[in-house]
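Given next are the chains, with one letter for each unit.
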Amino acid sequence: MTGHGRSRLGGAFAGVGLAAFVDEVVFHQLLHWHHFYDKASSEAGLVSDGIFHAFGWAAMVAGVFLFADLRRRGSLVKPAWWSGFCLGLGGFQLYDGTFQHKALELHQIRYDVDLTPYDWTWNSVAVLFLLVGVVLLVRTRRRR
Amino acid sequence: MTAAVCVAVAACCLGYVAAAVRLRARGDAWPLARPLAFCAGGALTVTGLTAPWNGLPLAPLRELPPFTGHMAAHLALGMAAPLLFVVARPVTLALRTLPLGPRRALLALVRSRPAALLLWPPFAALAHTVSLWVLYRTPTAAHLHHRSEAQLLVSLHLLLSGILFTLAVLAVEPMRHRAGTGLRAAALLAASATHGVLAKSLYATGPPGTSYAPADLRTGSQLMYYGGDIVGIALAVLLAHQWYASGGRALRRRARRHGAAGARATGSRVTGSRTAPGRITPSQAPALRPARD
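- The name given to chain B in an unreviewed UniProt entry is Putative membrane protein, and the organism recorded there is Streptomyces indicus.
- Recorded in UniProt for chain B, the comment headed Subcellular location (unreviewed entry) runs: "Cell membrane".

Set out below in structure tokens:
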């Protein structure tokens, strides 16, 4: 894999890891908006949550070590890393906001409030990150 | 019965410390963190084994409700103690200090085919995971109630399958075949995901045939979920650090070869690489940068 590919992969791991970290620390533990378990949780929802929760923190660890590896090899391509980061972060958040929260009804963003503004903000932020990631990806591709 | 096992664990700790002292006395390096980790693992094991299912014998934890207490003991025995035992590398220590006969026998054992199968990461992960599902999703837990001998066997099984899994993931002892980093990471990921799913499902429904209070189930299952995360992250960091360090060694080898070739070409003397582990000096870096396509 080239410096570009490895940088993008490392960035994607870091992005997924950060999204999972913020989700767990801010929304589960600090704000207590997300619930650990929702009575509506389906079996598929639990399996999806288990896989993505484990993958989230594994991605965080992998992202940090891949970044260190790219730095010491001198092969870190910053725009490619940032494109991977935005794609990973936006992709994970969009998956969480649409598939896990809505389709599988694992848990909602917040309880006892009108969910519409929360869901729209959540998923718009995700799409915004994805768009920035795509723009960076196209630009780094064109420059090569 | 439990007392005998606890005495055996204490004897193992004493044996480990004695061997480490002998090794250091003869001038070999053996980090102090290892005996400390091994003894901490021993202490956790004894705590987990002597804990009655309805709470730990330690005063601050005595008030734990039954399922939460059980889960605390399970975390100590199945995850935390195995990690502490494995990072202390007891097999390596034994191989360095045992007399020749027993040393050969031990080496033959750890390099044997059955050991290789047990330590194959997918097998070890499956064994560890299946044990948990059988324990919590079949009437096993209900049958174990008030049968201390059977409970002890289950505890020992949890401890052993935990050690096997941790060793398979970290692969720090001499083994017949060391699986690749990718396979070990995949086994860790799969086992962690399954652990999380089981923990979350216990939040809603307890083990069949048991009647724990809902609040107890909720605390216990969250303890299992987040406790599993902590040990899983620790394993992932150790595994990633192994990968990083071995990459650094490969880079230094390449740099040395490159330096030697360059020195031959210019006729200058080769000096050994004195860079810190995992670090490449700026003068070496351009040569190592992969060509862009």
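### Topic: the packing of aromatic side chains
Consideration 1: Across all of its chains, the model carries 13 aromatic pairs over all chains by this definition.
Consideration 2: The interplanar angle of 70° and the centroid separation of 6.4 Å between the aromatic rings of Phe52(A) and Phe55(A) together place this pair among those described as edge-to-face. Of the two residues, Phe52(A) and Phe55(A) are both situated in helix α2 (residues 43-73); the distance of three residues between them amounts to about one turn of the helix.
Consideration 3: With relative accessibility at 29%, the residue Phe55(A) sits in the partly exposed group.
Consideration 4: Ring geometry for Phe52(A) and Tyr95(A): centres 4.4 Å apart, planes at 25°, overall stacked. Linking Phe52(A) in helix α2 with Tyr95(A) in helix α3 (residues 78-103), this pair joins segments that are 43 residues apart in sequence.
Consideration 5: An aromatic cluster of at least three residues, connected via ring pairs, comprises Phe13(A), Phe52(A), Phe55(A), Phe92(A) and Tyr95(A).
Consideration 6: Its end group placed over the ring of Tyr244(B), Arg72(A) keeps NZ or CZ at 3.8 Å from the ring centre.
Consideration 7: Above the face of the Trp30(B) ring, Arg34(B) is positioned so that its terminal group lies 4.6 Å from the ring centre.

### Let's talk about the interface of chain B and chain A
Consideration 1: Between chain B and chain A, the residue contacts involve 31 residues of the former and 28 residues of the latter.
Consideration 2: Summed over both sides, the interface of chain B with chain A buries roughly 2800 Å², with 69% coming from carbon and sulfur.
Consideration 3: For the chain B face of the interface with chain A, the top three residues by lost area are Lys200(B), Trp243(B) and Tyr244(B), together amounting to 21%.
Consideration 4: Applying the counting criterion to the chain B and chain A interface returns one salt bridge.
Consideration 5: With a closest N to O distance of 3.0 Å, Asp49(A) and Lys200(B) form a salt bridge.
Consideration 6: Where chain B meets chain A, there are seven residue pairs in polar contact (both at pLDDT 80 or more).
Consideration 7: Put simply, the parts of the chain that give the side of chain B that touches chain A at least two residues each are α10 (181-204) and α11 (214-266) of chain B.
Consideration 8: Counting residues per element, the side of chain B that touches chain A draws most heavily on α11(B), at 16 residues.
Consideration 9: Looking at the side of chain B that touches chain A residue by residue, the classes come out as 17 nonpolar, nine polar and five charged.

Calculation notes
- Residues numbered from 1 in each chain as written.
- Chains lettered and ligands numbered in written order.
- Predicted model: local features only at pLDDT ≥ 70, side-chain atom pairs only at ≥ 80, totals over all residues.
- Heavy atoms only, no water.
- UniProt positions renumbered as here; feature names shortened; annotations may be inferred.
- Phe/Tyr/Trp six-rings, centres within 6.5 Å; stacked < 30°, edge-to-face > 60°.
- Helix = DSSP H or I, 4+ residues; strand = E, 2+ residues; numbered from the N terminus.
- Buried < 20%, exposed > 50% of the residue type's maximum accessible area, 1.4 Å probe, protein only.
- Lys NZ or Arg CZ within 6 Å of the ring centre and 35° of its normal.
- Contact = heavy atoms within 4.5 Å.
- Buried area = accessible area lost by both parts, 1.4 Å probe.
- Salt bridge = Lys/Arg side-chain N within 4 Å of Asp/Glu carboxyl O.
- Polar contact = N/O pair within 3.5 Å; in protein donor to acceptor, adjacent residues only side chain to side chain.
- Nonpolar A, V, L, I, M, F, W, Y, C, P; charged D, E, K, R; others polar.

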